[in-house]
Amino acid sequence: MLMQHSLQQLRTLRLEGMARAFEEQLTQPAITALSFEERFAQLIDREILLRDGKRIDRLLKAARIKAAAACLEDVDYRAGRGLERSQIAALGTGQWIRHHQNCLITGPTGSGKTWLACALANAACRQGLAAYYVRLPRLFEELRIAHADGSFSRRLMQLARMDLIVIDDWGLAAPSAQERSDLLELLDDRVGTRSTVITSQLPIEHWHTYLGDPTFADAILDRVVHAAHKLALKGESMRRKEKA
């Protein structure tokens with residue numbers, strides 16, 4: 001009776017992890033060989049694991065990662081892709097995000113840019129960091145609507161709090177003057193404080209021309225390219241290889 005009351009109290013306090021571990025202890029006769037401190041430590045460990053798991057689930061859901069199953073453990077290092085295990089391993093630690101550095105991924109269509117960017121975002125979430133995936137055309141549309149309904153400043157603040165933003169499909173269409181201005185605002189909030197991943201079919205040396213206005217291009221690229229890890233993917237389309 002006392003045991004059931006204790007379980008109920010744990011659940012009332014929303015300590016579900018401890019409650020589950022306590023129930024398991026009650027069904028294990030050998031648990032009596034452990035000291036009170038050891039048994040209590042098990043309860044605490046389970047509560048922490050459960051809460052960490054729920055937080056990671058929330059981060060992954062909020063990140064809206066396009067390739068949700070992408071993970072760095074599954075990176076294809078076949079010859080000719082331009083990927084080095086040491087570089088991917090270093091990125092996988094997440095230290096570059098904690099040091100507020102960027103990552104620029106370029107390569108032809110189908111080379112795996114989006115998948116790799118999603119794998120980096122996935123790894124960040126599993127390390128307890130807040131990430132957000134968005135295609136650049138969708139981001140521009142999102143900010144255009146925010147201007148119209150008066151939520152632009154609030155949305156910029158929300159994005160500025162993200163530890164990592166993945167901007168996919170950079171360079172598909174030339175930005176308008178307003179889009180260039182919005183992009184600069186977003187990136188200026190992040191320089192030296194947060195990290196950004198950009199994927200593009202365009203080589204980095206062509207980004208200045210893509211952005212159009214030389215003054216804005218200089219300002220934007222200064223905030224993006226500085227302190228950036230660069231991955232230039234090569235080879236034929238991974239999609240064609242998968243179908244073969």
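Everything numeric in this text was worked out from a predicted model, so none of it was measured. (Residues numbered from 1 in each chain as written. Predicted model: local features only at pLDDT ≥ 70, side-chain atom pairs only at ≥ 80, totals over all residues. Heavy atoms only, no water.)

(A) A look at the environment of Ala173. Within the secondary structure, Ala173 sits in the loop between strand E3 (164-170) and helix H9 (177-190). For the pair Ala173 and Thr12, spaced 161 residues apart in sequence, the C-alpha separation works out to 55 Å. (Helix = DSSP H or I, 4+ residues; strand = E, 2+ residues; numbered from the N terminus.)

(B) Up close: empty space enclosed by the protein. Taken as a whole, this structure holds two cavities of 30 Å³ or more when the rule is applied. The wall of the largest cavity is formed by Asn102, Leu187, Arg190, Val191, Arg194, Thr196, Arg223 and Val224. If you list the elements that add at least two residues to the lining of the largest cavity, you get H9 and helix H11 (214-225). Partitioning the lining of the largest cavity into residue classes produces three nonpolar, two polar and three charged. (1 Å grid on protein atoms, 1.4 Å probe; cavity = no way out; pocket = protein on both sides within 12 Å on 5 of 7 lines; lining within 4 Å. Points joined across faces, edges and corners; volume = space filled by probe spheres on them. Nonpolar A, V, L, I, M, F, W, Y, C, P; charged D, E, K, R; others polar.)

(C) Structural view of the side chain of Asn102. Tracing the chain through its elements places Asn102 in strand E1 (residues 102-106). On the basis of relative accessible area, Asn102 is assigned to the buried category, the value being 7%. Within the structure, Asn102 has its side chain in polar contact with the backbone oxygen of Arg223 (distance 3.4 Å). Excluding its chain neighbours within four sequence positions, the residues that come into contact with Asn102 are Trp96, Arg194, Ser195, Thr196, Arg223, Val224, His226, Ala227, Ala228 and His229. (Buried < 20%, exposed > 50% of the residue type's maximum accessible area, 1.4 Å probe, protein only. Polar contact = N/O pair within 3.5 Å; in protein donor to acceptor, adjacent residues only side chain to side chain. Contact = heavy atoms within 4.5 Å.)

(D) Region of interest: the packing of aromatic side chains. All chains considered together, the criterion is met by two aromatic pairs. A centroid spacing of 5.2 Å and a plane angle of 40 degrees characterise the contact between Trp170 and Trp207, whose relative ring orientation is tilted. Of this pair, Trp170 sits in strand E3 while Trp207 sits in helix H10 (residues 207-211); the two residues are 37 residues apart in sequence, bridging distant segments of the chain. By relative accessible area, which is 0% here, Trp207 ends up buried. Residue classification places Trp170 among the buried residues on the basis of a relative accessible area of 1%. Taken together, the ring pairs connect Trp170, Trp207 and Tyr210 into an aromatic cluster. Taking the ring centre of Tyr132 as reference, the NZ or CZ of Arg155 above it sits at 5.3 Å. (Phe/Tyr/Trp six-rings, centres within 6.5 Å; stacked < 30°, edge-to-face > 60°. Lys NZ or Arg CZ within 6 Å of the ring centre and 35° of its normal.)

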